[in-house]
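Spelled out from the first residue to the last, the chains are:
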Amino acid sequence: MLLDGLCESLPISVNWYGLESNNYGMREAVEPFTGYEIPEVREVQSSAPLTPNLMLITAPAAVGKSTAAEYMSHYLKCPILDLSHLQVGDGTLDGMASKSLGIRKNAQFQEALVESRATLIVDALDEAEVRSGQANFRAFVRGVADTASQIVGERPSIVILSRAESSRVIQETFDERRIPYAHFEIRPFGKEQSERYLERKVTDVYQNQGKEPLHLKHVQPYGHARDELFAVLASAVTQQRGNFWEDPDVRDFLGYAPVLDVAAEYLAVDNFANLGGSAIGSSSGEGFAHWDLVANVINQLLLREQSKFVAQFREVEEFQRYGNSSLLAILYTPEEQCARLLDYVESMQLDLSMPASLPTTLRECYETAADTQLSNHPFLRGDGWFNVIFRDYVTARAQGSPSTSTAAVKRIRANVLSAQWKHSPMYGFFSFSLGRSASGGKSACHSEDLGALYESFKSACEADDRLITTIGKAGNRLAANFSIVHRGNVGIDPMEFLTYEGTVSIAFPRELSYANIWDIPEVILGGDRPSFKFGPGVYISCADLMVSASELQAYVGRDEAPVLLHVKSLISENVKIQGDVSDVILICEDHLGFPWSKYQRRLDLGGLAADALERKALYLEFRRIVLRFKDAKDGEAAVYQPMMDNLIVGTNRRARTVLDYLQDIGCVKLARSMYLLDLASFAELGISRSQVRDLEMTDAMGKISRDILRYAKRKP
């Protein structure tokens with residue numbers, strides 16, 4: 001049902017009552033109401049078989065409750081009591097009506113209200129709760145109940161619009177007094193409604209820029225750009241490529257008016273043909289502009305919440321007495337909202353700190369007001385998240401914010417790495433988007449966040465996808481690269497992270513596959529789960545390997561490279577290893593006991609003692625690169641060039657040397673974006689790929705390692 005249909009069930013006055021004064025919170029929407037996209041409403045609670053005395057209409061923040069109040073006022077020829085600028089209490093409802101209408105008109109209005117011949121709309125209940133404090137707010141609600149209990153007509157005469165959380169006091173009070181009421185909810189826009197709303201908003205943006213509304217002139221290019229933008233935004237919620245509007249989560253997000261407002265800014269351009277690539281991104285997953293777009297939308301919502309809070313809190317009696325305008329910018333900032341939201345929903349017990357420069361005399365009332373505002377936050381639905389998009393944005397932003405304390409960041413990280421956290425791709429994408437500098441490129445993060453990023457990107461992989469992970473030491477920090485490969489082709493551009501200075505320890509909570517990790521001081525495998533799983537293609541070179549899981553599982557597969565662990569020291573306690581001996585190869589300078597001794601091998605590549613370690617390292621890189629080639633045709637094996645350069649080699653100096661060596665001796669060539677390994681030339685080296693895989697010690701292996709070392713020394 002649309003809102004106009006709901007209005008038909010309410011009393012419609014014959015004429016306007018006419019306000020004597022506009023200074024007491026009442027107004028009438030007398031002017032014709034044009035350009036309004038009438039929303040859908042759904043019934044949440046019915047009073048049947050009793051006739052409701054009051055109608056409650058709720059919606060999340062920014063859905064347009066105040067605009068709906070204006071529309072209903074014009075439709076019903078009734079006044080609006082706007083609570084957004086009032087300090088409410090017992091008697092506010094009757095008192096403001098009497099002052100606004102005058103004694104005589106108010107008497108007529110009150111009689112018509114009781115007999116269901118007129119309607120009173122009460123707007124911004126949630127804002128009044130912040131401004132007035134709990135005691136005064138509850139007194140006001142009791143006064144509303146007193147008035148509503150006197151209604152004897154056949155229709156509800158009072159309509160209250162509010163966010164869901166603030167409406168709970170109304171519902172509890174009416175239920176206690178057994179006063180019948182009906183509850184409706186304004187729904188987000190559907191596809192056609194969103195398109196019409198967006199068209200009007202784009203017109204407004206053009207007009208504000210002093211430009212001609214080009215989208216009304218170039219309808220088809222605009223429509224194509226709009227649909228692509230919708231598809232890109234929808235890809236943050238669902239993998240469905242068809243009629244994604246049927247997904248309720250997509251509708252909740254795309255049909256949200258603030259999301260459409262920000263989208264209008266993107267669409268009001270001089271040339272719609274340019275709205276692809278970097279401007280909008282791609283719903284196929286290439287590029288990151290669409291994640292920047294989603295992040296921008298969410299940031300605008302946080303700024304809107306801050307603005308609404310500040311507008312109410314500055315009118316609080318304590319602020320009027322002790323505050324000043326210089327404090328307003330630090331109140332209820334987006335970063336503070338994110339920390340409070342995580343603490344509220346996830347029960348992280350964060351050490352939330354108030355704005356440092358907030359006077360002591362304001363702290364108690366500020367905390368009360370912030371808690372009240374938070375319970376009505378647009379990112380919430382009841383006591384949980386509105387959707388996972390908001391959860392992951394809030395988490396990524398709080399985790400990367402300089403204003404979040406070290407202790408709070410540790411609690412957030414522990415939560416994200418725990419078994420209870422349900423990972424989604426959005427945490428990783430938002431972390432990448434929020435952590436990038438203005439010039440783009442690499443994103444900044446703490447090294448201990450890399451394990452959570454791995455889990456997040458892994459959750460984006462479908463059955464035929466591979467997440468390729470490369471992490472290496474770069475000075476006193478780590479460089480990490482994540483890329484999703486779909487059936488041999490790069491399915492999403494590589495995401496590069498550079499950790500904060502001095503952060504060089506990484507932990508993976510539950511599994512690891514297709515990962516190349518080298519020269520890391522400390523790697524931890526396992527978290528609060530009892531087991532840790534190795535998939536194929538894992539290479540780890542580190543100083544200290546710590547296994548906190550009680551069980552390791554290795555499932556490599558016959559045709560895949562085994563797990564290769566090259567460590568200086570290994571720490572584990574009562575660990576059990578499940579997997580074939582050939583699935584795990586462990587190289588360690590120390591003598592290891594059971595069960596590690598079963599998997600430990602020693603390499604003796606011979607040669608000069610001074611070069612032994614370097615030759616061993618070069619040979620291990622040779623092995624890692626050769627095993628990445630997969631049989632193609634005509635006596636060749638192949639690997640995708642961007643995958644080799646960006647993911648397998650990356651910034652690894654030794655790996656680049658080995659690849660150049662193979663090209664120099666004619667074993668590898670580059671053709672049509674593919675590296676091709678000539679199997680006949682490789683066979684002339686006197687070693688097979690199966691021998692390379694199993695690290696069999698042969699004279700040919702020793703010769704290859706010496707040749708690569710000589711090549712490395714000659715290379716400029």
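Computed from a prediction, not measured in an experiment: that's the story for all the values here.

### A closer look at the packing of aromatic side chains
In step 1: Scanning the entire structure with this criterion turns up 28 aromatic pairs.
In step 2: With centroids separated by 5.7 Å and ring planes inclined at 85 degrees, the aromatic side chains of tyrosine 454 and phenylalanine 508 adopt a geometry described as edge-to-face. Of the two residues, tyrosine 454 is situated in helix 21 (residues 450–458) and phenylalanine 508 in strand 16 (residues 505–508); the sequence distance between them amounts to 54 residues. Assigned by exposure class, tyrosine 454 and phenylalanine 508 land together as buried.

### Describing the packing of helix 10 (residues 219–234) against helix 12 (residues 257–267)
Between two packed helices, both the angle of their axes relative to each other and the distance between the axes serve to describe the pair.
In step 1: Contact pair helix 10 / helix 12: the axes reach a minimum separation of 11 Å and the direction vectors enclose 135 degrees. Comparing their axes, helix 12 and helix 10 come out oblique. Relative to helix 12, helix 10 is oriented so that their crossing is right-handed. Facing helix 10, whose interface residues are Tyr222, Ala225, Arg226, Leu229, Phe230 and Leu233, helix 12 presents Val259, Leu260, Ala263 and Leu267.
In step 2: When grouped by side-chain class, the residues that make up the contact of helix 10 with helix 12 number nine nonpolar, no polar and one charged.

### As for the environment of leucine 417
In step 1: Note on placement: leucine 417 falls in the loop between helix 19 (406–416) and helix 20 (425–435).
In step 2: In this structure, the C-alpha to C-alpha distance between leucine 417 and proline 509, residues 92 residues apart in sequence, is 6.3 Å.
In step 3: Excluding anything up to four places from it in sequence, leucine 417 contacts Glu448, Gly451, Ala452, Pro509, Asp528 and Arg529.

### As for empty space enclosed by the protein
In step 1: Applying the stated rule across the entire model yields three cavities of 30 Å³ or more.
In step 2: In this model, the largest cavity occupies a volume close to 100 Å³.
In step 3: Of all the secondary structure elements, the ones that give two or more residues to the lining of the largest cavity are strand 20 (538–547) and helix 22 (609–626).
In step 4: Here the element with the most residues in the lining of the largest cavity is helix 22; it accounts for three residues.
In step 5: For the lining of the largest cavity, the per-class residue count stands at seven nonpolar, two polar and three charged.

Calculation rules
- Residues numbered from 1 in each chain as written.
- Predicted model: local features only at pLDDT ≥ 70, side-chain atom pairs only at ≥ 80, totals over all residues.
- Heavy atoms only, no water.
- Phe/Tyr/Trp six-rings, centres within 6.5 Å; stacked < 30°, edge-to-face > 60°.
- Helix = DSSP H or I, 4+ residues; strand = E, 2+ residues; numbered from the N terminus.
- Buried < 20%, exposed > 50% of the residue type's maximum accessible area, 1.4 Å probe, protein only.
- Axes fitted to C-alpha atoms, helices over the stretch in contact; angles between N-to-C directions.
- Parallel < 35°, antiparallel > 145°, perpendicular 65-115°, else oblique.
- Left-handed = near helix turned anticlockwise from the far one by under 90°.
- Contact = heavy atoms within 4.5 Å.
- Nonpolar A, V, L, I, M, F, W, Y, C, P; charged D, E, K, R; others polar.
- 1 Å grid on protein atoms, 1.4 Å probe; cavity = no way out; pocket = protein on both sides within 12 Å on 5 of 7 lines; lining within 4 Å.
- Points joined across faces, edges and corners; volume = space filled by probe spheres on them.

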